[in-house]
Amino acid sequence: MIKKITLQIATCTLLLTLLVVQQSNGNTRANIQGIMDSNAKVEKLSDGLKFTEGPVWDKSGFLLFSDIPADTIYKLDNGKLSVFRRPAGNPNGNTFDELGRLITAQHNRQLVRTEKDGKTTILAQNFQGKRLNSPNDVVVKSDGSIYFTDPPYGIDKGKEELGFYGIYRLTPNKNLVLLSKEMVRPNGLAFSPDEKTLYVTDSEQMHIRAFDVKSDGTLTNSRIFAELKEPKDKGVPDGMKVDVKGNIYCSGPEGVWVFSPKGQLLGKIFVPEVVTNLAWGDKDYKTLYITAGKGVYRIRLKIAGIQPGKRN
């Protein structure tokens with residue numbers, strides 16, 4: 001029996017503190033204020049979960065997110081929490097494809113799609129005859145191809161078969177292509193608005209790497225885009241999202257780090273728990289939903305985010 005829990009949005013909201021980074025041009029504060037109001041607040045929406053991840057906004061008007069150790073994808077709808085899918089293969093990252101179907105990276109070593117009737121289809125679980133490690137995060141390109149990362153976080157070391165941690169592309173005709181295996185711990189990933197750049201976090205190296213996306217969907221010109229060099233116990237580069245103007249929002253020490261398209265750190269959104277992932281939501285996609293530790297948070301921003309499964 002699924003127990004529905006009604007959650008009250010916390011009456012006490014957490015004041016947003018911005019870390020303004022000193023830049024030689026003196027425009028940092030203006031850039032941050034162009035993204036969020038000075039009185040913007042982080043609101044706590046839920047608590048008491050085990051380990052939240054993979055938020056994604058359904059255009060019907062609710063949030064889905066994963067709880068990995070609880071083996072559950074939850075639905076948060078107008079303050080009401082219910083089970084969307086359980087068991088769920090120890091789910092991590094979620095997104096939607098161009099037809100509005102949920103795509104989930106699961107720690108049971110599978111990438112799956114939830115069909116409209118609720119049944120699941122396995123999209124990928126092996127590469128060249130060997131099992132994947134534990135698919136972590138996922139994003140869909142406008143041509144229908146699916147990009148995902150495959151670090152080892154969800155399995156024991158002795159169960160690894162591949163010997164590397166890759167970034168993959170599942171083509172529209174279901175061919176699984178290894179794009180890169182150079183990163184130590186590839187994790188979150190997101191496209192630039194024009195889909196010409198793919199950003200991927202490395203949670204071990206504490207940086208974001210950028211790749212040029214070629215016309216055939218493969219990657220080239222790997223380079224470090226930004227570094228998040230602070231103590232790992234306060235958070236690591238993990239989930240990441242991009243707004244319609246190309247600004248990058250990445251989990252990191254103390255909260256969400258906001259970068260310009262050129263890699264300039266504009267500021268931080270401080271969150272009281274270690275942030276794992278992000279999602280744009282609400283009708284205008286100007287609310288940033290944040291999974292962090294045992295809770296889920298949100299904050300209103302001034303720029304819309306890129307909608308999953310749809311390119312603006």
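Residues numbered from 1 in each chain as written. Predicted model: local features only at pLDDT ≥ 70, side-chain atom pairs only at ≥ 80, totals over all residues. Heavy atoms only, no water.

Which residues make up the pattern of salt bridges, and what values do they have?
A full pass over the atoms with the stated rule returns 18 salt bridges. Between arginine 223 and aspartate 212 there is a salt bridge, and its shortest N-O distance comes to 2.8 Å. With a gap of 11 residues between them, arginine 223 in strand 21 (residues 219–227) and aspartate 212 in strand 20 (residues 207–213) connect regions that are remote in the sequence. With its nearest N and O atoms 2.8 Å apart, the salt bridge here joins arginine 300 to aspartate 284. (Salt bridge = Lys/Arg side-chain N within 4 Å of Asp/Glu carboxyl O. Helix = DSSP H or I, 4+ residues; strand = E, 2+ residues; numbered from the N terminus.)

Before we move on, can you summarise the side chain of threonine 104 with the specific residues and values?
Locating threonine 104 in the fold gives a position in strand 9 (residues 102–106). Looking at threonine 104, its side chain comes within polar contact range of the side chain of asparagine 94, at 2.7 Å. Ignoring any residue separated from it by four or fewer positions in sequence, one finds threonine 104 in contact with Ile73, Arg85, Pro91, Asn92, Gly93, Asn94, Gln110, Leu111 and Val112. (Polar contact = N/O pair within 3.5 Å; in protein donor to acceptor, adjacent residues only side chain to side chain. Contact = heavy atoms within 4.5 Å.)

Explain the pairing of strand 9 to me, and be specific about the residues and the numbers.
Residues in a regular strand point their side chains to alternate faces of the sheet. Counting buried positions over the five residues of strand 9 gives five, a clear majority of the element. Alternating residues of strand 9 divide into Leu102, Thr104 and Gln106 and Ile103 and Ala105, and every residue in both groups is buried. Taking the residues that link successive antiparallel strands as the turn, the strand 9-strand 10 (residues 110–114) hairpin has three residues, and the phi of arginine 109 there is positive, at about 80°. (Buried < 20%, exposed > 50% of the residue type's maximum accessible area, 1.4 Å probe, protein only. Pairing = 2+ DSSP bridges.)

An account of the nonpolar core is requested, with residue identities and associated values reported.
The biggest cluster of nonpolar side chains holds 33 residues, and the ones touching the most others in it are Tyr249, Ile269, Leu288 and Ile290. Ignoring anything within four residues of it in the chain, the contact list for tyrosine 249 reads Ile35, Gly239, Met240, Lys241, Asp243, Val256, Trp257, Val258, Leu278, Trp280, Leu288 and Leu301. (Core = buried A, V, L, I, M, F, W, Y, C linked by side-chain atoms within 4.5 Å.)

So what's going on with the sheet that holds strand 14 (residues 138–140)? Which residues, and what values?
Sheet strands pair via backbone hydrogen bonds, and the direction of the pair is either parallel or antiparallel. An order of 14-15-16-17 is seen for the four strands of this open sheet, with the pairing classed as antiparallel. Each edge of the open sheet is held by one strand with a lone partner, namely strand 14 and strand 17 (176–180). Taken pair by pair, the neighbouring strands of this sheet meet at an average axis angle of 25°, ignoring direction. (Axes fitted to C-alpha atoms, helices over the stretch in contact; angles between N-to-C directions.)

Tell me what's going on with the UniProt feature "binding site: substrate" (unreviewed entry) in the protein, and back it up with residues and numbers.
The UniProt entry lists Asn136 under the feature "binding site: substrate" (unreviewed entry), expressed in the numbering used here. Ignoring anything within four residues of it in the chain, the contact list for asparagine 136 reads Asn92, Gly93, Ala105, His107, Thr149, Pro151, Tyr153, Asn187 and Asp238. (UniProt positions renumbered as here; feature names shortened; annotations may be inferred.)

Could you give an account of the packing of aromatic side chains, naming the residues involved and the relevant values?
Per the stated rule, a full pass over the model turns up nine aromatic pairs. Relative to tyrosine 74, the ring of phenylalanine 65 has its centre 5.6 Å away and its plane inclined at 35°; by these criteria the two rings are tilted. Comparing phenylalanine 65 with tyrosine 74 shows no difference in burial state: the two are buried. Relative to phenylalanine 259, the ring of tryptophan 257 lies with its centre 6.3 Å away and its plane at 25°, an arrangement referred to as stacked. (Phe/Tyr/Trp six-rings, centres within 6.5 Å; stacked < 30°, edge-to-face > 60°.)

How would you explain the sheet that holds strand 23 (residues 248–252) if you had to name every residue and give the values?
Spatial strand order, 22-23-24-25: four strands in an open sheet with antiparallel pairing. Taken across any chain shown, the strands that pair with only one partner, and hence form the sheet edges, are strand 22 (240–242) and strand 25 (265–270). Averaged over all pairs of adjacent strands, the angle between their axes in this sheet comes to 20°, without regard to strand direction. The sheet contact formed by strand 24 (residues 255–259) and strand 25 spans five bridges and is antiparallel. Considered in strand 25, the bridge of tryptophan 257 is made with lysine 268.

How would you explain the environment of phenylalanine 148 if you had to name every residue and give the values?
Along the polypeptide, phenylalanine 148 turns up in strand 15 (residues 146–150). On a C-alpha basis, the gap between phenylalanine 148 and asparagine 187 in space is 8.5 Å, while along the polypeptide they are 39 residues apart. For phenylalanine 148, the contacting residues outside a window of four places in its chain are Leu111, Ala124, Leu132, Pro135, Asp137, Val138, Gly166, Ile167, Tyr168, Leu176 and Leu189.

How would you explain unusual backbone geometry if you had to name every residue and give the values?
Cis peptide bonds are those with omega within 30 degrees of zero, and the linkage from arginine 86 to proline 87 qualifies with 0°. For aspartate 71, which is not glycine, the phi dihedral falls at a positive 55°. By secondary structure assignment, the location of aspartate 71 is in the loop between strand 5 (62–67) and strand 6 (72–77). The backbone of glutamate 195 sits at a positive phi, close to 65°, despite the residue not being glycine. Here glutamate 195 is to be found in the loop between strand 18 (186–191) and strand 19 (197–202). According to the relative accessible area criterion, glutamate 195 is buried, its value standing at 9%.

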